2 protein chains.
Amino acid sequence: MSATIKDIAKLAGVSHTTVSRALNNSPLIQEETKERIRIIAEQLDYTPNYNAKSLVLDRSYNLGLFFTTLSNGTSAGFFYEAIRGVNSVIRDRYQLIVKGIDDYTSFHSITKKSFDGIIIVSQSDDDGPIIEHIANKGIPLVVLNRPVDTAGVLNVLSDEEQGAFHAGCYLVNQGHKKIALIEGRKGFKSAQNRKDGFERAMGHYGISVPAAYRMPGLYDLESGHTAMQHFLSLEERPTAVFCCNDEMALGAIKAVFEAGLQVPKDISVVGFDDTVFAAYVTPALTTVRRPIEQISKEGALRLLGNIENKLHTTEQLLLRTELIVRESVQLLQP
Amino acid sequence: MSATIKDIAKLAGVSHTTVSRALNNSPLIQEETKERIRIIAEQLDYTPNYNAKSLVLDRSYNLGLFFTTLSNGTSAGFFYEAIRGVNSVIRDRYQLIVKGIDDYTSFHSITKKSFDGIIIVSQSDDDGPIIEHIANKGIPLVVLNRPVDTAGVLNVLSDEEQGAFHAGCYLVNQGHKKIALIEGRKGFKSAQNRKDGFERAMGHYGISVPAAYRMPGLYDLESGHTAMQHFLSLEERPTAVFCCNDEMALGAIKAVFEAGLQVPKDISVVGFDDTVFAAYVTPALTTVRRPIEQISKEGALRLLGNIENKLHTTEQLLLRTELIVRESVQLLQP
DNA sequence: CACATCTATGCACACGTTAACAATAGTCTT
DNA sequence: AAGACTATTGTTAACGTGTGCATAGATGTG
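One structure accompanies this document, and this report is about it. Numbers given for residues are sequential positions, taken from 1 along each chain in its written order. By the order in which they are written, chains take letters starting at A while ligands take numbers starting at 1. At least 70 in pLDDT is required for a residue's local features to be given in this predicted model, at least 80 for side-chain atom pairs to be given and counted, and no such filter applies to totals for whole chains, interfaces and linings, which use all residues. To obtain the side-chain values, all non-hydrogen atoms of the structure were used and water was disregarded.

As a further point, take the overall build of chain A. We count a stretch as a helix when DSSP gives it H or I for four or more residues in a row; a strand needs E for two or more, and each element gets its number in order from the N terminus. When you go through chain A residue by residue, the secondary structure sums to eleven helices and twelve strands. Against the 2.2 N^0.38 benchmark of 20 Å for 334 residues, chain A shows a C-alpha radius of gyration of 26 Å, more extended than a compact globule. Taking the principal axes of its C-alpha atoms as reference, chain A extends roughly 90 × 35 × 30 Å. Burial classes follow relative accessibility: with a 1.4 Å probe on protein chains only, a residue under 20% of its type's maximum area counts as buried, one over 50% as exposed, and anything between as partly exposed. When the 334 residues of chain A are sorted by exposure, 57% land in the buried category. Any pair of residues with heavy atoms lying within 4.5 Å of one another is described as a contacting pair. For chain A, the share of sequence-separated contacts (at least 6 apart) that also reach a separation of at least 24 residues comes to 71%. Under the convention used here, a 1.4 Å probe and the Shrake-Rupley method define accessible areas, while residue burial counts only the protein chains that appear. Surface summary for chain A: the accessible area is close to 14300 Å², and the carbon and sulfur share equals 50%. In chain A, 35 side chains carry a positive charge and 39 a negative one; their mean positions are 5 Å apart. Just to be clear, the radius of gyration here is over C-alpha atoms, and the globule rule we use is 2.2 Å times residues to the power 0.38. Note on charges: Lys and Arg go in the positive column, Asp and Glu in the negative column, and His and the chain ends are not counted at all. Think of each charge as sitting on NZ of Lys, CZ of Arg, CG of Asp or CD of Glu.

Dropping the structure here:
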C-alpha cells in the first residue's frame, strides 16, 4: 500500500539503513546521497509509519489533555481556552489526545508507552488518584488550575483566592455591607479558593455574612438563578452578591429582572472567570479574569521542556488574576 | 521496564504466542491455561504496547476530530458540544485526537496508518482540500455540520436553511415588516444557509429587505454590536433583527440598551444556535436550536459503523432544527 | 610503503505483537 | 489397530523503523 523506506532503498539502490539515516538527516550520509533519497521519497509520497517509529524509539508522539469531566461541570469557555492554549504551543510536534478523567474505568492503559506527557486540567480533588498514577509511572506531567504538591509534577494555576479577595474588597469599598455569596460546585477546588478569598475580604473589613446570605451552587446558570431567588425572598435583602462564576452570575441577574428589580440599581452582582459574554450582557458584568489560555500555554511549554530535557522538575507557577470592573456593581452612598 | 508478553511467557512456562492468544481470549487456548496467564499478567501489571499492536494489526486506535479552526471563529459552546457528543460515543475504544485544520501546513502526515477514522466538523468551504485528501487516502470519514457530496463520505448536519426560514416566518407572523439581517462570517457555509433561509421567508411573504437592513458579521459579539449600532442610526429603524448566531444577537441587544432603548419593546431580536446562555440573558433570547451534540453523536456512531464493517457508505443525514420562542420578540399590533 | 584514520555504507538484530504453519498428543472411526 | 481428526501449544516470520558493529574504500602519516 503505502511506501516504506525499503521501497525507497530499492529504487535508490542502497540499503534501508541508509534511507533511514538520510531521511533523519544523519551526518553519516553523504549530502549527495541524501538528496537523491529525498527526491525519491517525495515521488513515492512517503510518510513514515509512526507506529513503527514509536515502537523502536519508545516515544508515542502523544500528549494527553485530560479534564476532570467532559460530561458535566466543565464550562464550555474554559474548555475551549484550555485546548486553544495547549494547541498553540504544541503545533505539529505532538498529537493532542483529549479525554475526560471520569471516562476512565481504569488507569491501567495510561502508560509511558502511550503518552510522552500529560496535561491535567484539574477542577476537583477527585483527580488525586490519576495524578498519583501518572506520577508513579514516571510520565512527565503538568497539573493546571489546581494546586498539587506531588514531587516531580509541574503545576500552573491562577491565584483565585487573591482574585476573590479583591472582588470582595471592591464590593466593600463601593459601600456594600450586606453581601451574599453563591458558592461554586462542591468538591471543586476553585469553589473552595474563591469562597476563601471572599471570606478573607469580609473578615478583613469585619463584615459578617449570615447563613441566609450563603447559598450553594453548581457553576451553572440554573443554580445561580435559584440562589438569587432565595436572596430576593429574604426580609432583609443583600445589596450585593458575589457569584463564584459568571454563569451563575448570569442566572442570578436573570432572577433579579424577573422579580421586577434592576441590576445594579437594586442589587449588585459580581462574577468570576470573565467569560466571553461577560462584557456583552446587560448590565456588563464586573468579574474576575483568570488567564486560562496563558495558564495552559505556560503549562504546555514547561511540560515540553521537561519531556525534551528528560527532567522531572517540581515547579509551581502562580499567575495573577485581575478584577475587571464593568457595570454590575452600584456605588452606595453612605 | 514494563512487562511484555514474553516476560509472562517465561513465568507461565509457555511460548509468547500462547500468551498473546490467551490475553486475546482466543478459543484455541485451554480455559485453564488462559486463567493462569491472566493471573500472571495481572501480577506483572501488564499493559499491551499499542504501538506494537498497531504495527502488526494495521490499526492506530486513533480517531481524528478536526475543526476548521481552533484559533478563531469557532464558538466555545459549539466546540464543547461537538467534543462531548463524539466522546460519549467512542468511550475507551479509540483515542480522540483534536486538531484545527488551519494548523496543518501539509496534510502529508494524515494517513491510513495514523487514523482509523476522521470526523471533520466543518464550518467553511475551505475545508474542501482536506476532505479530498482524506477521502483519497481511503480513510473512513464523516463530515459534520456542512453539506458535502464526495463519494464514500458520511455527512450529518442540521437543516439550517429551514431553521432560518422558520425564524423569518415567525417574525412576520408576529407582525413585523421592517426586518433587518446581521449575516454570519463570510466563507462559512452556515452563514450562507442561514441567510438563504431568511431570504426565502421574506420572499415567501413578499417582504423586501433593503441594503441598509443588511449588515455583515463575524459571528462574534463585537460585530453584532456594531451592526446594531448601524441599524439604530437609520432614519427608519427596523422593528426586528435576525442575527445569524446568538453571540451576535447578544452584542446587538447590548447596543440597543446602550442607546437607551429596550428589547423587545423597541426592537425585536432573534438569534441562532441556542447557546447555553440564550435562556439566561435579559430578555431571554428567541433563537433557533440546532442539535450539535446529537449531530456529533450520530456522526461518530455512523463512522464507527463504517470502520468496523469496512464500509464506505455515502450517506447524508439531515437533522431538524427547532425554533425556541422566548422573550426577545415583540408581538406588533397592526 | 605499511599502517592508522576517516568516511560512507551495509548487515543483522531489536522493539512487542500477531498469525500462518508445524508439531504433538489424545480421541474417534471403522 | 491404523488412519483421520481434534485440541492445544510451539516455531518462525512479519509489520516498519532505528542502531551497534562490521566493512570497504579513501586519505593521511611517518
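The discussion continues.
It is worth spelling out the interface of chain B and chain A at this point. In this complex, chain B contributes 51 residues to the contact, which on the side of chain A involves 51 residues. Defined here as a combined quantity, buried area equals the accessible surface (1.4 Å probe) lost by two parts on assembly, summed across both. Taken over both partners, the interface formed by chain B and chain A buries close to 4800 Å², and the fraction arising from carbon and sulfur atoms is 56%. Salt bridge, as used here, is a side-chain nitrogen of Lys or Arg placed within 4 Å of a carboxyl oxygen of Asp or Glu. Counting the contacts that link chain B with chain A gives four salt bridges. Here B:Glu327 ties to A:Lys254 by a salt bridge, and the two come within 3.6 Å at their closest N and O atoms. Polar contact is defined as a pair of N or O atoms within 3.5 Å, subject to the rule that within protein one atom must be able to donate a hydrogen and the other to accept it, and that residues adjacent in sequence are counted only when both atoms are side-chain atoms. Along the contact surface separating chain B from chain A lie 20 residue pairs in polar contact (both at pLDDT 80 or more). Mapped onto the side of chain B that touches chain A, the elements with two or more residues apiece are helix H4 (50-57), helix H5 (76-90), strand S2 (95-100), helix H9 (221-233) and helix H10 (246-258) of chain B. Amino acid classes used here: Ala, Val, Leu, Ile, Met, Phe, Trp, Tyr, Cys and Pro are nonpolar; Asp, Glu, Lys and Arg are charged; the rest, including Gly, are polar. For the side of chain B that touches chain A, the per-class residue count stands at 23 nonpolar, 18 polar and ten charged.

Turning to the packing of helix H9 (residues 221-233) of chain A against helix H10 (residues 246-258) of chain A, a few remarks are in order. Residues and elements named next belong to chain A. Here the axes come from fitting lines to C-alpha atoms, over the contacting stretch only for helices, and the angles between their N-to-C directions go from 0 to 180 degrees. With their axes 6 Å apart at the nearest point, H9 and H10 run at an angle of 45° to one another. With respect to each other, H9 and H10 are oriented oblique. Here H9 runs over H10; the crossing is right-handed. Counting all contacts with H9, which are made through Leu221, Ser223, Gly224, His225, Met228, Gln229 and Leu232, the residues of H10 involved are Glu247, Met248, Leu250, Gly251, Ala252, Lys254, Ala255, Val256 and Glu258. Within the contact of H9 with H10, the residues separate by chemical class into eight nonpolar, five polar and three charged. In what follows, roughly perpendicular refers to angles from 65 to 115 degrees, roughly parallel to angles under 35, roughly antiparallel to angles over 145, and oblique to any angle outside these ranges. Whether a crossing is left-handed or right-handed is set by the direction in which the near helix is turned from the far one by less than a right angle, anticlockwise for left-handed and clockwise for right-handed.

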